[in-house]
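# Working through the structure, step by step
Listed below, chain by chain, are the residues.
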Amino acid sequence: MSLQILVGIFFGGLVLLWPATVAGEDRYVYLNWTVEYGVVSPLNVKQRGILINGQFPGPTVNVTTNDNVIVNLENKLDEPLLLTWNGVKQRKSSWQDGVLGTNCPIPPGSNWTYRMQMKDQIGTHTYFPSTAMHRVAGGYGGFNILARSVIPVPYPKPFGEFTVLVSDWWNEDHKVVQRILDSGRPLPMPNGLLINGKANATFFDAVPGKRYLFRVSNIGITASINFRIQNHTLVLVECEGSHPLQRAYDSFDLHVGQSSSFLVTVGKAGAYFVVASTRFTKPTLTVTGILHSRGSGATGATVSETAAATAPGPLPAGQTYQIHWSMKQARSIRLNLTANAARPNPQGTFHYGMIPVVRTIVLQNKAAAINGKLRYAVNGVSYINPDTPLKLADYYNIAGVFILNSIPDNPPPAGTPAVLNTSVLGTTLHDFVEIVFQNNESTVQSWHMDGHSFWAVGFGCGKWNSTLREEYYNYHDAVVRHTIQVYPHSWSAIMVSLDNKGMWNLRSGVWGRRYLGQELYVRVWDDQQSVTTEYDIPDNAFFCGKAKH
């Protein structure tokens, strides 16, 4: 009997409980994951890392549009744990989101089963721990959703694929890093960068003249990166689940939490540097891998770090502090209006620029001192997690957990002191909303919204005001994505159709800022109680806080 059949029998009861709306002929993919500590030394310092099934980074997930993915997660850490699925949209089910606002964490020694469908989505995404500062120690991986065979992709079929995870790394234990933040100090500069969990020892084996798809993610928690391959051109073909116009880049900026895919035609036999370096930091951190172009026998898989390959010449130059260059590149990423994505209709049939905006929300980040310690606030509110997940409190009408619209739509007047609160914005299902992220600080910000993709319509310097829409907004072919950067002393604007009912996390991707309060939740709601708009609470849900009994 095959392992697939055995796993199917083991999870048979869980499959029967899956909502009928996702039943039918869509495939089921079963993953058994054990999360535990293990010794790692990516920067030659032995320390405690977080492994999944003994792997660091964790396994790469490759599934197909509309697949039902069942992840049985066993927590063998000494603390409660949740994994979140960065960019994987949980349609009608924020219950599976894996953040503290929607789920009680998995206790040590326990397991929980995520049940998700990759409904109408494609793309290069990631997963990682959302609890405490576990993400510093690992527990992350790639999550790739491939297009169905009946839906053509708008680029030649690659000979092979590589998943490239660029992350930052500290030589201190994740609990030490957490204590630094708890003490009211900012997160220190990381000790280095990694590619797929390694420093300067990652090899990509390829055949000369063949095209390869590089799925690249900035899965770090602090800095933007610039990615490039020596003597090769990166042709952008996918951006967080959408197909952009195909443009060639010598190097490409990926901000915290962002992912993109590139077609790369491999040059003649030899070795070439694969480089990622931090942007807007002093000093600049750099990590290299090797693209090893060999005469024959390559399969597209990463070869052993013992492979005999060295790249000649200096590292290819990349951008370091040039903010204008990065903003110009961001504006160059435009949606391909004639291409399919997860469905056969062209992406451009949704004319977002003609839809009336029902609400404009301006969110301003700020570093602030509260009770003598560093916190980060949004519109004057620094988020604190209650003992009871917001989603459970909302579902069971439990009082005293949060107050709807406990964060204003606009920044408070200058000089207003920041406060601690549980920030929740109330919205109505199918609202079409404009959100402006205002950054008055000197560092690059990164914002991610769970459960939705949005149009990245504009970037600009200085303070945003409504008159800037006409000059700076792209109302025609803005790229659709789930994470957007905001440059220093600048603003970024998105438009989003709130078509996914639930309680959704809107957070800073810069994890130290998120840990110290730079996040909020968006409640997308209507009064219809039906699985056509939102699934019921899972039968295996944990209960905690005021919902425990």
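Treat the numbers as computed from the prediction; the structure is a model and nothing was measured.

## Things to note about the sheet that holds strand 18 (residues 270–278)
What the five strands build is an open sheet, ordered 11-19-18-13-16; its pairing is mixed. With one partner strand each, in any of the chains shown, strand 11 (202–206) and strand 16 (252–254) form the two edges of the open sheet. If you compare each strand with its neighbour and ignore which way they point, the axes differ by 25 degrees on average. Pairing of strand 18 with strand 19 (residues 286–293) involves eight bridges; the strand directions are antiparallel. If you follow Tyr272 over to strand 19, its bridge partner there is Leu291.

## Focus: the confidence of the model for the protein
Per-residue confidence for the protein gives a mean pLDDT of 92, with 93% of residues at or over 70. Within the model, pLDDT remains below 50 along residues 1–23, and this stretch shows 30 contacts once partners closer than five positions in the same chain are excluded.

## Comments concerning the sheet that holds strand 9 (residues 160–169)
With mixed pairing, six strands are arranged side by side in an open sheet as 10-9-12-17-14-15. If you trace the sheet from one side to the other, it starts and ends with strand 10 (192–195) and strand 15 (248–249), each paired once.

## Overview of a nonpolar patch on the surface
A cluster of nonpolar side chains, contributed by Tyr395, Tyr396 and Phe543, occupies part of the molecular surface with about 280 Å² of accessible area. Residue position: Tyr396 is located in the loop between helix 5 (390–395) and strand 23 (419–421). For Tyr396, a relative accessible area of 40% puts it in the partly exposed group.

## Regarding the pairing of strand 25 (residues 432–439)
Taken across its eight residues, strand 25 has eight buried, putting it largely inside the fold. Every second residue of strand 25 is oriented toward a common face, with Phe432, Glu434, Val436 and Gln438 on one face and Val433, Ile435, Phe437 and Asn439 on the other, all of them buried. Of the pairings in the sheet, the one linking strand 20 (residues 359–370) to strand 25 comprises seven bridges and is parallel in character. In the sheet register, Leu363 faces strand 25, and the bridge partner there is Phe437. Pairing analysis gives eight bridges linking strand 25 to strand 30 (residues 490–497), with the strands arranged antiparallel. Following the sheet pairing, Glu434 is matched in strand 30 by Met495.

## Examining the packing of aromatic side chains
Summed over the entire model, instances satisfying the criterion amount to 29 aromatic pairs. Centre to centre, the rings of Tyr383 and Tyr521 are 5.6 Å apart; their planes meet at 45 degrees, and the pair counts as tilted. Note that Tyr383 is positioned in strand 22 (residues 381–383) and Tyr521 in strand 32 (residues 519–525), a separation of 138 residues in sequence. Judged by relative accessible area, Tyr521 falls into the buried class, the value being 0%. The ring of Tyr37 has Arg48 sitting right over it, with the charged end atom 4.2 Å from the ring centre. If you follow Lys282 out to its NZ or CZ, it ends over the ring of Tyr321, 5.6 Å from the centre.

## Observations concerning the pairing of strand 30
Most of strand 30 sits out of view: eight of its eight residues are buried. Residues of strand 30 alternate between two faces, with Ser490, Ser492, Ile494 and Val496 on one and Trp491, Ala493, Met495 and Ser497 on the opposite face, all of them buried. By the bridge criterion, six bridges tie strand 27 (residues 454–461) to strand 30 in an arrangement that is antiparallel. Opposite Phe459, over in strand 30, you have Ser492 as the bridge partner.

## Comments concerning the side chain of Gln230
Within the secondary structure layout, Gln230 lies in the loop between strand 13 (225–229) and strand 14 (234–238). By relative accessible area, Gln230 is classed as buried at 7%. Within the structure, the side chain of Gln230 is placed 2.9 Å from the backbone oxygen of Pro312, a separation counted as a polar contact. Ignoring sequence-local partners within four residues, the contact set of Gln230 consists of Ala271, Tyr272, Phe273, Ala311, Pro312, Gly313, Pro314 and Pro316.

Calculation criteria
Residues numbered from 1 in each chain as written. Predicted model: local features only at pLDDT ≥ 70, side-chain atom pairs only at ≥ 80, totals over all residues. Heavy atoms only, no water. Pairing = 2+ DSSP bridges. Helix = DSSP H or I, 4+ residues; strand = E, 2+ residues; numbered from the N terminus. Axes fitted to C-alpha atoms, helices over the stretch in contact; angles between N-to-C directions. pLDDT = per-residue confidence, 0-100. Contact = heavy atoms within 4.5 Å. Patch = residues over 30% accessible without salt bridge, like charges linked within 9 Å, V, L, I, M, F, W, Y side chains within 5 Å. Areas by Shrake-Rupley, 256 points an atom, 1.4 Å probe, with all protein chains shown as cover. Salt bridge = Lys/Arg side-chain N within 4 Å of Asp/Glu carboxyl O. Buried < 20%, exposed > 50% of the residue type's maximum accessible area, 1.4 Å probe, protein only. Phe/Tyr/Trp six-rings, centres within 6.5 Å; stacked < 30°, edge-to-face > 60°. Lys NZ or Arg CZ within 6 Å of the ring centre and 35° of its normal. Polar contact = N/O pair within 3.5 Å; in protein donor to acceptor, adjacent residues only side chain to side chain.

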